[in-house]
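The residues making up each chain are set out below.
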Amino acid sequence: MVKFNTADARKRQKRDATPSVEQIKHDKITELAEKYWSTNAEVPPTSYNPQIVEDIYHEEIVRHKFQTKRIAVLEISQYLENYLWTNFDTEKSTYSHVMSMVCMVNEKIREGVPIWDVFHKDAEKFPGFFRRVLEIILDVEGTGLIEKCTVLTFIGGAFSSLEIELVRKQVQHLVSLHVWHCLSEGRREQEFLRFPKWKKYWKAMLKRDEKESEDKKGQMIFYRTFFKILIQNFLDLLDNQDYTQSELNKYFLLFAERFMELMVDLQALLPTRRYINVLIDDLHLIVKCQMSALLELGEGNLFSQLLDRLKFYAHFEISNETGDSLNELDVMTIHYNKITDLQQAVFIKFPEMRQFSLSNVNSIDTRAALIKHFKCLSFDNLKQLGSHLNLIHDDEDESLTEQLLIEILVFHYERRISQIKRLNAMALYPTEEMIWNENVVPSAYHSSSGQVLALPKLNLQFLTLHDYLLRNFELFRLESTYQIRQDIEDAVFRLKPWKSEDGSTLFTGWARMAQPILRFAVVEVAKPYLGESKPSRVRADVTINLNVRTEVKSEWESLRRHDACFLVTVKPPNTSPTRYDLKGDFESQVGLTYVRGCEVEGMLDASGRVIEDGPEPRPHIAGDTRTFRVVLDANQYKIDLDEISKGNEDVYENLNILLRRKPKENNFKAVLETIRDLMNINCVVPDWLHDIVLGYGDPSSAHYSKIPNELPVLDFNDTFLDMDHIKESLPGYNVVVKENTKNPLALERPFRLTFHDVKDKANGESDDTSEKLLHVEPYTLEKRGPYPRNAPNMNKIRFTATQVEAIRSGMQPGLTLVVGPPGTGKTDVATQIISNIYHNFPEQRTLIVTHSNQALNQLFEKIIALDVDERHLLRLGHGEEDLDTEKDFSRYGRVNFVLAKRIELLNEVERLKQSLGVTGDVSYTCETSGFFFVYHVLPRWEEFNIKVRCDAEKTIPVETVGEAFPFHTFFDDAPQPLFNSNSLEEDMETANGCFRYIKKLFEQLEEFRAFELLRTGIDRSRYLLVKEAKIIAMTCTHAALKRRELVDLIFQYDNILMEESAQILEIETFIPLLLQNPEQGRIRLKRWIMIGDHHQLPPVIKNMAFQKYGNMEQSLFARFVRLGVPTVELDAQGRARPSISDLYKWRYKSLGDLPHVKIENEYRVANPGFTFEYQIVNVESYNGIGESEPSPYFFQNLAEAEYVVGTFMYMRLLGYPAEKITILTTYNGQKALIRDVITSRCGNNPLIGFPNKISTVDKFQGQQNDYILLSLVRSKTVGHLRDVRRLVVAMSRARLGLYVFARVKLFANCFELTPAFKIFTQRPTKLHLFPVETYPSTRLFTQSIPENGEVVMNDMPQMVGYVYEMYMEKLKSLPQPEQMEVVEKPDVQAIEKPRPIPIEFEETFIIEKPAEVHLEVSIPIMEVPDEEPVVVTTTTEIIARDKNARVSQGANNSNNYYVNVRPSRTTTMV
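Note that this is a predicted model, so its numbers are computed, not measured.

To continue, consider the overall build of the protein. Secondary structure summary: the protein contains 56 helices and 32 strands in total. The buried share of the protein, taken over its 1470 residues, is 57%.

Counted under the stated rule, the structure contains 92 salt bridges. Where Arg415 meets Asp365, a salt bridge forms, and the shortest distance between an N and an O atom there is 2.2 Å. Here the residue Arg415 occupies a position in the loop between helix H23 (402-413) and helix H24 (419-424), and Asp365 occupies one in the loop between helix H20 (361-364) and helix H21 (367-374), the gap between them amounting to 50 residues. A residue is classified by how much of its surface remains accessible, and Arg415, at 39% relative accessible area, is partly exposed. Note that Glu1066 and Arg1119 form a salt bridge whose closest N and O atoms lie 2.7 Å from each other. Separated by 53 residues along the polypeptide, Glu1066 in helix H45 (residues 1066-1070) and Arg1119 in helix H47 (residues 1116-1123) bring together distant segments of the chain. The residues Glu1066 and Arg1119 share a single accessibility class, namely buried. The network of salt bridges with shared partners includes Glu75, Glu81, Glu107, Lys108, Arg110, Glu111 and Arg1282.

Ordered by their spatial adjacency, seven strands build an open sheet running S15-S16-S14-S17-S18-S13-S19, and the pairing between neighbours is parallel. Edge strands, defined here as strands with exactly one partner in the open sheet, are strand S15 (873-875) and strand S19 (1128-1129). Relative to strand S16 (residues 1031-1035), strand S14 (residues 846-850) runs parallel, the two sharing five bridges. Looking at S16, one finds that Leu847 is bridged to Ile1032. Along the sheet face, helix H36 (residues 853-864) touches S14, S15, S16 and strand S17 (1055-1058) and points at about 165° away from the line of S15.

A few words now on the environment of Arg911. Its place among the elements puts Arg911 in helix H37 (residues 891-916). Its relative accessible area of 26% is what places Arg911 among the partly exposed residues. Once the C-alpha coordinates of Arg911 and Thr969 are considered, the two residues, 58 residues apart in sequence, prove to be 9.4 Å apart. In this view, Arg911 contacts Tyr787, Phe970 and Asp973; residues no more than four positions away in its chain are not counted. Of note is the side chain of Arg911, whose polar atom sits 2.8 Å from the backbone oxygen of Phe970.

Burial analysis of strand S9 (residues 713-717) places four of its five residues in the buried class, which makes it a mostly covered element. Note: S9 against strand S11 (residues 751-755), four bridges, orientation antiparallel. For Val713, the partnering residue across the bridge sits in S11 and is Thr754.

You can see Leu389 is positioned in the loop between helix H22 (379-388) and H23. Judged by its relative accessible area of 11%, Leu389 is buried. When the C-alpha positions of Leu389 and Arg187 are compared, they lie 8.4 Å apart, and in sequence the two are 202 residues distant. Not counting the four nearest positions on each side in its chain, Leu389 is found in contact with Gln190, Leu342, Ala345, Leu409 and Tyr413.

Within the fold, Arg1286 resides in helix H53 (residues 1284-1291). Classification of Arg1286 as buried rests on a relative accessible area of 10%.

In this section: the sheet that holds strand S5 (residues 564-570). Here we have six strands rolled up into a closed barrel, ordered S3-S4-S7-S6-S5-S8, and antiparallel in their pairing. The average angle at which neighbouring strand axes cross in this sheet is 45°, direction not considered. Relative to strand S7 (residues 625-632), strand S4 (residues 538-545) runs antiparallel, the two sharing eight bridges. Paired with Asn545 across the strands is Thr625, a residue of S7.

Attention now goes to the nonpolar core. Counting 234 residues, the largest nonpolar core has Phe119, Phe129, Phe227, Phe234, Phe374 and Phe1070 as its most contacted members. Considering every element that reaches this core, the biggest residue donor is helix H26 (residues 465-495), with 15 residues. Every residue in contact with Phe129, bar those within four places of it in the chain, is listed here: Trp85, Phe88, Val98, Met101, Val102, Phe119 and Phe154. Counting residues in hydrophobic clusters, the runner-up holds 46 residues, among them Tyr1216, Ile1221, Met1359 and Met1368.

For the protein, the mean per-residue pLDDT works out to 86, and 89% of the residues sit at or above 70. Across residues 11-17 the pLDDT falls below 50, and counting only partners more than four positions away or on other chains, this stretch makes 25 contacts in the model. A low-confidence stretch, residues 1378-1470 stays under pLDDT 50, and its non-local contacts, those more than four residues away or across chains, total 202 contacts.

Enumeration over the complete set of coordinates arrives at 77 aromatic pairs. Relative to Phe66, the ring of Tyr57 has its centre 6.2 Å away and its plane inclined at 80°; by these criteria the two rings are edge-to-face. As far as burial versus exposure is concerned, Tyr57 and Phe66 are alike and both buried. When the ring centre of Tyr413 is taken as reference, the NZ or CZ atom of Lys338 above it lies at 5.7 Å. Of note, Arg752 hangs over the ring of Tyr779, and the distance from its end group to the ring centre comes to 4.2 Å.

In this section: a negative patch on the surface. Together, Asp380, Asp394, Asp395, Glu396, Asp397 and Glu398 give the surface a local cluster of negative charge. Its place among the elements puts Asp394 in the loop between H22 and H23. Take Asp394: its relative accessible area is 40%, and that puts it in the partly exposed class.

With a relative accessible area of 1%, Glu1066 lands in the buried category. Among the polar contacts listed, one links the side chain of Glu1066 to the side chain of Tyr468, at a separation of 2.6 Å. Once residues within four sequence positions are removed from consideration, Glu1066 is found in contact with Leu458, Tyr468, Asn472, Gln1114, Ser1115, Leu1116 and Arg1119.

Attention now goes to the pairing of strand S8 (residues 657-660). Successive residues of a regular strand alternate their side chains across the two faces of the sheet. Burial along S8 is two-sided: the residues Ile657 and Leu659 and Leu658 and Arg660 are all buried. Sheet topology places strand S3 (residues 514-525) next to S8; three bridges connect them, and they run antiparallel. Within S8, the position partnered with Pro516 by the bridge is Ile657. With four bridges connecting them, S5 and S8 associate as antiparallel partners. Bridge assignment links Leu567 to a residue of S8, and that residue is Leu658.

For the pair helix H13 (residues 214-240) and helix H14 (residues 250-267), the least separation of the axes is 11 Å and the interaxial angle reads 145°. As H13 runs across H14, the sense of the crossing is left-handed. Here Phe227, Leu230, Ile231, Phe234, Leu237 and Leu238 of H13 lie close against H14, whose contacting residues are Phe252, Phe255, Ala256, Phe259, Met260, Leu262, Met263 and Leu266.

Next up on the list: empty space enclosed by the protein. Evaluation of the coordinates by the stated rule reveals 10 cavities of 30 Å³ or more. Its boundaries defined by the atoms lining it, the largest cavity holds a volume of some 180 Å³. Lining the largest cavity we find 17 residues, and of these Val264, Asp265, Ala268, Lys457 and Arg471 sit closest to its centre. Taken together, the elements giving at least two residues each to the lining of the largest cavity come down to H14 and helix H17 (301-314). Taken together, the residues of the lining of the largest cavity sort by class into 10 nonpolar, two polar and five charged.

Running from amino to carboxyl end, helix H9 (residues 145-159) crosses H14 at an angle of 20°, the nearest separation of the two axes being 9 Å. With respect to H14, the axis of H9 lies roughly parallel. In terms of crossing hand, the pair formed by H9 and H14 is left-handed. Across from Leu145, Ile146, Lys148, Cys149, Leu152, Thr153, Ile155, Gly156 and Phe159 in H9, the residues of H14 making contact are Tyr251, Phe252, Leu254, Phe255, Arg258, Phe259, Leu262 and Leu266.

What follows concerns H9. Counting along an α-helix, one turn takes 3.6 residues, and residues three or four places apart therefore face a common direction. With 15 residues, H9 extends 21 Å from end C-alpha to end C-alpha; this agrees with the ideal 21 Å at 1.5 Å per step. Counting buried positions along H9 gives 13 out of 15 residues, so the element sits mostly inside the fold.

Moving on: a nonpolar patch on the surface. On the surface, a cluster of nonpolar side chains totalling about 350 Å² of accessible area is made up of Phe347, Ile348 and Leu358. According to the relative accessible area criterion, Phe347 is partly exposed, its value standing at 39%.

Conventions adopted
Residues numbered from 1 in each chain as written. Predicted model: local features only at pLDDT ≥ 70, side-chain atom pairs only at ≥ 80, totals over all residues. Heavy atoms only, no water. Helix = DSSP H or I, 4+ residues; strand = E, 2+ residues; numbered from the N terminus. Buried < 20%, exposed > 50% of the residue type's maximum accessible area, 1.4 Å probe, protein only. Salt bridge = Lys/Arg side-chain N within 4 Å of Asp/Glu carboxyl O. Pairing = 2+ DSSP bridges. Contact = heavy atoms within 4.5 Å. Axes fitted to C-alpha atoms, helices over the stretch in contact; angles between N-to-C directions. Polar contact = N/O pair within 3.5 Å; in protein donor to acceptor, adjacent residues only side chain to side chain. Core = buried A, V, L, I, M, F, W, Y, C linked by side-chain atoms within 4.5 Å. pLDDT = per-residue confidence, 0-100. Phe/Tyr/Trp six-rings, centres within 6.5 Å; stacked < 30°, edge-to-face > 60°. Lys NZ or Arg CZ within 6 Å of the ring centre and 35° of its normal. Patch = residues over 30% accessible without salt bridge, like charges linked within 9 Å, V, L, I, M, F, W, Y side chains within 5 Å. Areas by Shrake-Rupley, 256 points an atom, 1.4 Å probe, with all protein chains shown as cover. Lys, Arg positive; Asp, Glu negative; His and termini not counted. Charge placed at Lys NZ, Arg CZ, Asp CG, Glu CD. Left-handed = near helix turned anticlockwise from the far one by under 90°. 1 Å grid on protein atoms, 1.4 Å probe; cavity = no way out; pocket = protein on both sides within 12 Å on 5 of 7 lines; lining within 4 Å. Points joined across faces, edges and corners; volume = space filled by probe spheres on them. Nonpolar A, V, L, I, M, F, W, Y, C, P; charged D, E, K, R; others polar. Parallel < 35°, antiparallel > 145°, perpendicular 65-115°, else oblique. Expected span 1.5 Å × (residues − 1).

The structure is reproduced here in structure tokens:
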């Protein structure tokens, strides 16, 4: 759907700071790089010249005021790696040298590329460099504000990289217990009284420090006083600033904001806040900032928001000593103790405040009460009180004022609202104040601006689970708000509101997702619950007119219960319809006044009753007027009523637009409610996971080898194919085989393994030097019945050693992380883990969670094929209809399965009854069947056992088993003979198998007996979920939406397996852990298996600020890897040819190839028609135009699109199946352009048709195809492909052939892409074809081809012309036209002399949001309603010269074949 919004339009004004390849090529810096430090220069670089560093710093960095574009050119040239760091000297290097390095590091932070790798070489110099950086920011006179801002960014990046040991060793000096040297003696002793353990640490530290050298002591003094001096310098700067000037220094504002950001970051991590929090409090940083005049200015708005965050974390509900979370009672107790101590001090020192001393706490702990009482004291008395309470160091300090002392006392002793209460009083729906607040929800954030935001950050560690949930809550809410803003702007722009003469609002436009409100009325305001002030429920009726197309009307009428909608008030200033400026301010243009959220309860019928959702058809309602009952946010309603009582306007009297959203994008409220619910309960995470989730402790503590209940005996079932497979998979063990007790000669699966090293460790006898002993016990599966279908489905995959280790780890209790590079069989490993858990622990239940329905279906289809009873499988949520099976595994599908299965089993019971000659209706219900089994079946079986029982005195003939068996007649339909009479043991096993079949029949009926008592579908489905299903699958979104429902049902599970873990948001990964309530304070979760690949693309976040600044794109899987949690990295791929996998293998530790990709024929045979199995094809600009950008980030490259489509047509003409070809690109704009070209040229052509898919790289993650045609689009800058994760995805989608179309020089010069493009550029960059072949080929790709048979395509026009000639030859070889009347005339038609001439480019007017482009339906331009939005897209057509063809301007040859590019006016269905 096309979307209009100001956010994307404004993004044009803040472009990517990365310079283009042409700019780099002709830049002065490039010349210097080639001369002094480039490793790719033709001439060896000149020796180090320190003056060059000075000149570059002053001319390129300082003179350009630290402009990101100049710094980016330096960073791309590897200035830091090849020149600055290699020539850095702690003592001799100049200020310019150090600052240049700081700028390079900051640029790496901005780009999101590895930061600290360069410093590991010559790591011994890093402490000296870090010390020099700290000295720079403390130099008040010699360092300017802009340099200080730069250094603050560096320090913030260092504190965000605590997982890097090199960095951690340096920053820990700044925040250790040493900083308490800066506290007054009284304050320090006061802290020691609260935490006696720290006093012991303090004394031990002093003794240790005394032994250090004088130089070391000097360093320690510098580090421990760093933050004290930095804070004091900042406060001096804040006080000395002239706030009367019309405009404040922008670098002062940026420095103040960056400083507050650093302080917040320090407070938000337990290792950094533990001691620094006391220092910040002792220096009264927050109080003094609160009193600053900066807060009163509009320019200080962001500073004020950051100060609020600092204040929030300064008083966070956590014990700084233990790191434990403080509950509400703990916080209240601490507060009461502080007030009591204050009262005692006042009682002793100041008799005139006797009333304060004797009052109850609740009456004196508010801000107003404290100010009232303290104002009674003189200035000297206030100083005396402050000194007594250790709040001030020196009562002679001239900076102390009476107001400051009172504020300090109030800050320390006022009562604060509980975080939970504040959260519960918050409205979940965003309002207009939040939606268009650029400091909260920035529309055009880019890190090159150096912008600071008042946002929470997701980093490595969190203070408590409450902090973890709260940060995720805020970021998820803001990301949802950003998407809501885009939807509102798009809909209101389309409605085109304007003000009539009488002041009312009229709408001349039309929008699919929004309708003008005819009537709005609040119909119910329920009384508040006990102890609350907000209404318990607020309901309203909204009436709209649906005089729209039938399908749009149906969409509105299909609004379901709990769907979120928005009520909008616009008061447009314009008195006539006007054209909007998408770069301008949205609110002022349309007069947007209010936005309120609501939740649909249902549509009302003609009698005013809500139409309930259900299987029954909805009643018909005449006319176009529809009324919806909606539920308003009670918290927001109370806030609005409070505003009305103050004389403000009634929000609910002027609402005039009702807006709905797409269902897939409209889950935000349910997810936010789930997170809030988790914060309101005692959130219990298993003990073995708690610290790891927060980022503390030993990251390997949850690995199976570290937990006390590691299992020594594991039944691997059918995992291993044979004994050799076991020895290959466990090379570190001495394998000893136990005899199969039933069949001593059998060494066939299944196998049960006993790890004796695990047993020894459990017994305290572990010895690392001793040989690891592994006992392997083959065993024979018991027969399940006489029918062939009773034989279990067995695994056919020969798992590698690392895959077996992943399976073993997944079967053990604890946390398992499996890193699965592309094509390494992640899904197969996951399936085997599930199967093994199912068979090893039949009483346990396993929850499967994935990011997408597609991944869930792929996993589920493989589970179905294994030896898992399908009655134990359940698939929740939408998407089960896409399963490649006729069976329905949804809730109601399973209910129908059970009902049908019950009938089938009862029929079997009836057949058994008849075979035994029993009378009566025993198969009427499950209950009567149970009686039949007890009174008729079991006695016969017991009688049979007596007859065939052997002992020392009695020998039974073999024939006795068959003669005595009581169920011959029942098993008449089984393969005959039932008993072979070869041996007594064999026949007894057959008899036992038959009885197991019968027994299982009755066991299933006993399980289904509940369905005879539960009458409704919902009750039956809940019973299946809670009792019957053993393997339950859902997406992470479904888990977040349905958590409350699942908990209410007392849903329980023991294991979680997550696929695509690296693509799931932090919070959506965490919520599935808490879908069950704890039992006696403990969660029954035993295993958590996470499978993913953090080297591929992360979760999708649309807002760049939340993605980069808030680090919301970080998955929990990736964070665990950063923390050092042990992983199993699969090391053999079986998807692609080895040569293609080389393009991305370098990104992994030791990725190899499975044997079949080297020996199987399809991997050895060449791609017919191509010289190479992979190639990068250079595509230059055509007529001077390369990439184009008709709307922000909607990049297109017509030359590449033509080349890709031409190659696709060439492959189809050679006979390649269309379903084996996929076209990928890195931008939505190019995808739309390629789809447009394919549709117009190939779509209806029976010789060509459509490829399997046309998609973006991001959307195609997790999928594959035999042949991939990839367009990289960009020709000026590398763009987002510089993210190596996207490159890995792009390179790893192809199995047999990969052809990349790009501007080769641009991408080959990118440092991050060097490994892949170095391989690419070893081959020619012009497309080499071998057109004499057809599909399939017999030529091996290692064979050389004759030179005279090879055709080289020099450019895109040649390829287009060549394909045209092939097409015409193909037409000639087909039957005559009169025999082909059913075949449509192809778009590419015959001409006299085919020869490409220049493509003409006409201006396009695409107004689209890149991520929302859908060109699915086009209708002719005639009959387009006036209100329907019209979008102009570029359509490329090959047009033959005939009477209907338009000759493009500039075509001067009447016989020319040409490519004509013309605007095609199409309507997009919105």
